[in-house]
Amino acid sequence: MAVSLAKGQKVSLSKERPGVQKFMVGLGWDANAFDGADFDLDASAFMVGANGKCPTDKEFIFYGNPKHPSGSVETMGDNRTGAGDGDDEQIMVDLSKVPENVEKIAFTCTINEAEARGQNFGQVSNAYIHIMDQATGEEVIRYDLSEDFSIETAIVVGELYKHGGEWKFNAIGNGFQGGLAALCAYFGIEVA
C-alpha cells in the first residue's frame, strides 16, 4: 500500500522499497470544466547540487531536453491536453545512475503560455504526484495537492533528495508566479 503524504511530509524511499533503484514519477491533473480553455501543463525535473542549483543546463529535464546524459532521469513526453484518467506526464528515474554532484531531483509542473492565456493553477484540480516501482508497477508514494493556487503558474510539486545515504521524498507543493522562467531562475538555469 502506498504512503500518502500531506504538504511538507517526508518519507524514505530507500526504506519503503529497499534495493529498488528504478521508479516512475507520474503527475496528473484536470482542468476545471467551467474554464473552457485548453490547458497544456508540462512536467519537468531539475537535478540540483548542494547549492540548490542545477550544475549545467543538462540537469534541466523537460520536453526540449528529455533525457539526462547519465540516463538517470528521462521524461516520457508532453501530453498537451491532460485529458483522460491516470498520469498526464511521466518521468523515469534510475537512482543508481544519478551523478554524485546531484543531491536533489525537483519535480515541477508549469502551465504553457499561462500569461498569454490568462491561466493559473487555481483553474486546475485533482493534481497529484506519485512514485511507482518500475518493476512491479506498485504505487509507493502519493501526494495529492489540495492547495488553492489562485495566481501561480508554476509549482514545485515534490522532490527526491539524498540524506544520510538514503533517497527520500519530500511533498513540497510550493507555487511560483512567472511560469517556467521563474522556476529556471530559482534553480539557476538561464533562459533566453
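Parameters at a glance
- Residues numbered from 1 in each chain as written.
- Predicted model: local features only at pLDDT ≥ 70, side-chain atom pairs only at ≥ 80, totals over all residues.
- Heavy atoms only, no water.
- Phe/Tyr/Trp six-rings, centres within 6.5 Å; stacked < 30°, edge-to-face > 60°.
- Buried < 20%, exposed > 50% of the residue type's maximum accessible area, 1.4 Å probe, protein only.
- Lys NZ or Arg CZ within 6 Å of the ring centre and 35° of its normal.
- Helix = DSSP H or I, 4+ residues; strand = E, 2+ residues; numbered from the N terminus.
- Pairing = 2+ DSSP bridges.
- Contact = heavy atoms within 4.5 Å.

Caption draft 1: Geometry of the packing of aromatic side chains. Inspection of every chain in the model, using the stated rule, returns six aromatic pairs. An angle of 85° between the planes, with centres 4.9 Å apart, marks the rings of Tyr186 and Phe187 as edge-to-face. Overall, the relative accessible area of 45% leaves Tyr186 in the partly exposed class. Here Phe187 falls in the buried class, since its relative accessible area comes to 5%. Members of the aromatic cluster, connected to one another through ring pairs, are Phe46, Phe60, Phe62, Tyr63, Phe176, Tyr186 and Phe187. The ring of Tyr186 has Lys53 lying over it, and the distance from NZ or CZ to the ring centre is 5.7 Å. Over the aromatic face of Tyr128 sits the side chain of Arg142, whose NZ or CZ is 4.3 Å from the ring centroid.

Caption draft 2: Expanded view of the pairing of strand S4 (residues 41-48). The element S4 is largely enclosed, with a buried count of eight among its eight residues. The alternating pattern of S4 places Leu41, Ala43, Ala45 and Met47 and Asp42, Ser44, Phe46 and Val48 on opposite faces, both of which are buried. Direction of pairing for S4 relative to strand S8 (residues 104-111): antiparallel, over a ladder of eight bridges. Residue pairing across strands places Val48 opposite Lys104, the latter belonging to S8. As defined by bridge partners, S4 adjoins strand S5 (residues 60-61) across two bridges and the pair is classed as antiparallel. Within the sheet, the bridge partner assigned to Phe46 lies in S5 and is Phe60.

Caption draft 3: Quick look at the environment of Gly52. With respect to the helices, strands and loops of the structure, Gly52 is situated in the loop between S4 and S5. According to the relative accessible area criterion, Gly52 is partly exposed, its value standing at 26%. As for Gly52 and Val191, which are separated by 139 residues in sequence, their C-alpha atoms are 17 Å apart. Not counting residues within four places of it along the chain, the set of residues in contact with Gly52 comprises Tyr186 and Phe187.

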